[in-house]
Amino acid sequence: MTILHPWDGAVPAFSTSGRRRTATRTASRAFYGGVEQLSTEPRTFADVVTAHAPALLRLAVLLTGATTEGEDLLQGTLLRAVRHGERIAGMAAPAAYLRRTMLSEHLSGGRRSSRRVRTAGHGLDRVDVPQPSPDAGLDDRDEVWRWLATLRPQQRAVLVLRFYEDLPDAEIAEVLSCTPATVRSHAFRGLAALRAHLTDTHDERSTP
Amino acid sequence: MNRPDNDALATLLRDTLVAHERLADPDRATAIAVGVLAERRRPSRLPLVAAAAAVVLAVVGTSVALGRLDDGAPAAGPTPPTGSSAPRTPLASSGADDPGVASHRAAAAAESERVLDLTPLPDGAEMLPGPPPGWPEGVRVSLDPSDGDLSRTRWWSIPGDVAALEAFLTSVVLPAGLVREPGERVSSSSGDVSRLALDRPSSDPEAFTGTGLLLQWKTLPTGTFLQATTFLAARGVRSADSRVDSTVTSVTVRRTHTPFGGVPFARTYEIDDAAAADRLVAAIDGLEASIEPAPVGLCPFGPTGEDAVTITTTSGTWRFAVADGCYPQVEVSRDGVDLPGTLDPADLTLALEEAVAAGTPITGSVHGTVVVAGGPAPGVRHSTGTLVFTGPVTRRAAVADDGTFAAELPPGRYEVTVVPDGLDPSFCPTTNVVVSAGERVTASPSCSIR
């Protein structure tokens, strides 16, 4: 069986280079676009799931902000999808369906979720969010990551789909079952809030 | 600092998200997928007891929240509750006085002890009377569903270091009755406590949930230590009235969805595939009572939908409704009368999805926005009010503040009349809309003030 999944096979290992980002964006488009079905041979749900799981987990982690919760979201999504496995395998764009399922699972609050162990704070918990070293300069990306954790799930989802997946507003609206205007509103407000947050943070840091 | 423009912020957001992709381990993703697929290969129509155990297994794994102990609460030894999402107050629900519930709680407490005895331990482990000095306190992790009064905790001193313990936990053959969840693995973290969660399916699903066994370990200056804590909850008692006890003549599912930022819309499916209907009825019949007391926790999301199954039989009509939420429960009514207590939905959703996929939609939905234009005020506006759909049936739908509306209707052609609040209806010409079963169509009624 030959199924080419460019977002898995062609994406290089993580790096912060522009090439990586470009590859990611290309891969994301492939998820939603028409290039997903590259083989006319029959495929099974197992093929679909194992091929797309890594990309789905990346999305899940970015939606939830934590490794553990992202893994639980992936598991909940797959458990929800597994009953319709063969139907999904026969779809022209099964990955897009799985992602919609993941968004639905995520935004519905995990009614169908599997184990979810929340970690936060200190002590017994493993903290997934990078914590700035006290003696190191605070990276804006750390600050943005922490700020993302303060957003409502829907608003975070809009930002992830728009700026990570590079989806147009109309597709985001379809995935989230809302209007494009709502997507634009969330994105606009999100950027405004981020701008204010970063400005405040920098001002605080520069205050002696 | 200069205020960054939108392009700079967008780039920063992109960089941030790409930089955090590394939190997703592709090997873990594959392991989770493989685990789910393995689960799928289990027989789909399990004997009742096995099916119930599977249901409970799913419930054991169901959501978790953080619990914080009251300040000063002992964190050690046989004094059990170590962090639970369940309320810390004594059992207060009316079910507490029910002898059946009391019996379930006693059975659950005994199960908690039994599961703790199954903790896998390397040779040389020595049980401690309480937590070792320096063991972290404060924020705790718990597994849902859990009732703090039923949790049990023990500590052991472990020979060797954390790496040796993790190697042991990775390779050990678990005692009979303990299972790893699909994808569950030993998790190690730098410096902090690491953990592994195991499950034991309930040996009495009617009385209590499956048990989660949370292992946590850490190296302290005095050695390596392992903590094991059990989490489970007792169930209420399902009333006999909530069981469908006669020949089923029809099954329908009404699915209501509230889109993000929109008004709810509903669609009804007739489950005319006899096998799918039977499976759904059997799944409902196999549900256990909800846990007692009902869990209370922080719910970050609001309701987004509801599924309601209506089962008509030769002796009456049952309605089972479950809404999205942190701790969903199935509410039951019979012949229009609400029954006491609720049921645990467990994986009812899977049976519902299957039934809906095999069913036939018998309604469609209309949605849209009522727009008001003209008059002294500039621009396009919205108006609250009512829409009247006249066709095969007559239905009314409320118009929200932002002009949006949604209605569920049987198939057919409808005349849509706007009755706006505070506006002469003659400004709003009627429109027509054709509704098809299973379809969601858009209507755009408008009012033009002359």
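Residues numbered from 1 in each chain as written. Chains lettered and ligands numbered in written order. Predicted model: local features only at pLDDT ≥ 70, side-chain atom pairs only at ≥ 80, totals over all residues. Heavy atoms only, no water.

## A word on the overall build of chain A
Thinking step 1. Scanning chain A from N- to C-terminus turns up ten helices and zero strands.
Thinking step 2. Along its sequence from the N terminus, chain A presents helices and strands in the succession α-α-α-α-α-α-α-α-α-α.
Thinking step 3. Looking at the 208 residues of chain A, the share that counts as buried comes to 57%.
Thinking step 4. In chain A, once contacts between residues fewer than 6 apart in sequence are set aside, the share between residues at least 24 apart is 67%.
Thinking step 5. Accessible surface, chain A as shown: approximately 8,300 Å² in total, 54% of it carbon and sulfur. (Helix = DSSP H or I, 4+ residues; strand = E, 2+ residues; numbered from the N terminus. Buried < 20%, exposed > 50% of the residue type's maximum accessible area, 1.4 Å probe, protein only. Contact = heavy atoms within 4.5 Å. Areas by Shrake-Rupley, 256 points an atom, 1.4 Å probe, with all protein chains shown as cover.)

## Let's talk about the sheet that holds strand β18 (residues 364-369) of chain B
All names here are of chain B.
Thinking step 1. If you trace the three strands from one edge of the open sheet to the other, you get β23-β18-β26, paired in mixed fashion. Looking along the sheet, the strands with just one partner apiece sit at the ends: β23 (404-409) and β26 (440-443). Direction aside, neighbouring strands of the sheet carry axes that sit 20 degrees apart on average.
Thinking step 2. Pairing geometry for β18 and β23, over six bridges, is antiparallel. If you follow G364 over to β23, its bridge partner there is L409. (Pairing = 2+ DSSP bridges. Axes fitted to C-alpha atoms, helices over the stretch in contact; angles between N-to-C directions.)

## A few points about the pairing of strand β19 (residues 371-374) of chain B
Thinking step 1. Relative to strand β20 (residues 381-382) of chain B, β19 of chain B is paired through two bridges, and the arrangement is antiparallel. Its bridge partner being in β20 of chain B, V371 of chain B is matched across the sheet by H382 of chain B.

## Here's the deal with the packing of helix α6 (residues 274-285) of chain B against helix α7 (residues 348-358) of chain B
Residues and elements named next belong to chain B.
Thinking step 1. In the contact formed by α6 and α7, the axes pass within 9 Å of each other and the chain directions differ by 160 degrees. As summarised for this structure, α6 and α7 are arranged roughly antiparallel, according to the angle between their axes. The hand of the α6/α7 crossing is left-handed. For the pair formed by α6 and α7, the contact residues are A276, R279, L280, A283 and I284 on the first element and L348, A351, L352, E354, A355 and A358 on the second. (Parallel < 35°, antiparallel > 145°, perpendicular 65-115°, else oblique. Left-handed = near helix turned anticlockwise from the far one by under 90°.)

## Some thoughts on the sheet that holds strand β27 (residues 446-449) of chain B
Thinking step 1. If you trace the three strands from one edge of the open sheet to the other, you get β20-β19-β27 (chain B), paired in mixed fashion. Every interior strand has two partners, whereas the edge strands, β20 and β27 of chain B, have only one.

## Comments concerning the nonpolar core
Thinking step 1. With 58 residues, the main nonpolar core has L103, L148 and L176 of chain A together with L13 of chain B as its most contacted residues.
Thinking step 2. Here the element with the most residues in this core is helix α3 (residues 45-64) of chain A; it accounts for eleven residues. (Core = buried A, V, L, I, M, F, W, Y, C linked by side-chain atoms within 4.5 Å.)

## Describing the state of the cysteines
All names here are of chain B.
Thinking step 1. In the structure shown here, the tally under the stated rule is one disulfide over all chains.
Thinking step 2. Each sulfur of the disulfide joining C428 and C447 lies 2.0 Å from the other. Taking the sign of the S-S torsion, 105 degrees for the link of C428 and C447, the bridge is right-handed. Highlighted residues: C428 in the loop between β24 (412-420) and β25 (431-435) and C447 in strand β27, separated in sequence by 19 residues. (Disulfide = S-S within 2.5 Å.)

## Here's the deal with the environment of Q155 of chain A
Residue and element names in this part refer to chain A.
Thinking step 1. Its place among the elements puts Q155 in helix α8 (residues 153-163).
Thinking step 2. Owing to a relative accessible area of 13%, Q155 belongs among the buried residues under this scheme.
Thinking step 3. Not counting residues up to four positions away in its chain, the partners in contact with Q155 are H186, R189 and G190.

## Some thoughts on the confidence of the model for chain B
Residues and elements named next belong to chain B.
Thinking step 1. The share of residues in chain B with pLDDT of 70 or more is 77%, and the mean pLDDT across the chain is 78.
Thinking step 2. Counting interchain partners and residues more than four positions distant, the pLDDT-below-50 stretch residues 41-94 has 133 contacts.
Thinking step 3. Segment residues 297-303: pLDDT under 50, and ten contacts once partners within four positions in sequence are set aside and those in other chains are kept.
Thinking step 4. At the level of chain-chain contacts, confidence expressed as ipTM amounts to 0.72, with global pTM at 0.51. (pLDDT = per-residue confidence, 0-100.)

## Points about the packing of α3 of chain A against α8 of chain A
Residue and element names in this part refer to chain A.
Thinking step 1. Contact geometry for α3 and α8: axes closest at 9 Å, N-to-C directions at 140 degrees. Between α3 and α8, the interaxial angle falls into the category oblique. Note that α3 runs across α8; the crossing there is right-handed. Where α3 abuts α8, its residues L59, V61, L62, L63 and T64 lie against R156, A157, V160 and L161.
Thinking step 2. Here the residues of the contact of α3 with α8 sort into seven nonpolar, one polar and one charged. (Nonpolar A, V, L, I, M, F, W, Y, C, P; charged D, E, K, R; others polar.)

## A short note on the pairing of β23 of chain B
Thinking step 1. Of all six residues making up β23 of chain B, six are buried, and the element is well covered by its neighbours.
Thinking step 2. Of the two faces of β23 of chain B, the one holding T404, A406 and E408 of chain B and the one holding F405, A407 and L409 of chain B are both buried throughout.

## Observations regarding the pattern of salt bridges
Residues and elements named next belong to chain B.
Thinking step 1. Tallied over the entire structure, the rule returns 20 salt bridges over all chains.
Thinking step 2. With a shortest N-O distance of 3.4 Å, R255 and E353 are connected by a salt bridge. Here R255, found in strand β10 (residues 248-257), pairs with E353, found in helix α7; they are 98 residues apart in sequence, far enough to count as distant. (Salt bridge = Lys/Arg side-chain N within 4 Å of Asp/Glu carboxyl O.)

## Side note on unusual backbone geometry
Thinking step 1. The phi dihedral of D166 of chain A is positive, around 60 degrees, even though this residue is not glycine.
Thinking step 2. Looking at the element boundaries, D166 of chain A is found in the loop between α8 and α9 (169-176).
Thinking step 3. Under the relative-accessibility criterion, D166 of chain A is labelled buried at 13%.
Thinking step 4. Of note, D335 of chain B is a non-glycine position whose phi angle comes to about 50 degrees, a positive value.
Thinking step 5. Considering the arrangement of structural elements, one finds D335 of chain B in the loop between β15 (330-334) and β16 (337-343).

## Quick look at a negative patch on the surface
Thinking step 1. Taken together, the side chains of E270, D272, D273 and D278 of chain B present a region of like negative charge at the surface.
Thinking step 2. Relative to the helices and strands, D278 of chain B is located in helix α6. (Patch = residues over 30% accessible without salt bridge, like charges linked within 9 Å, V, L, I, M, F, W, Y side chains within 5 Å. Lys, Arg positive; Asp, Glu negative; His and termini not counted. Charge placed at Lys NZ, Arg CZ, Asp CG, Glu CD.)

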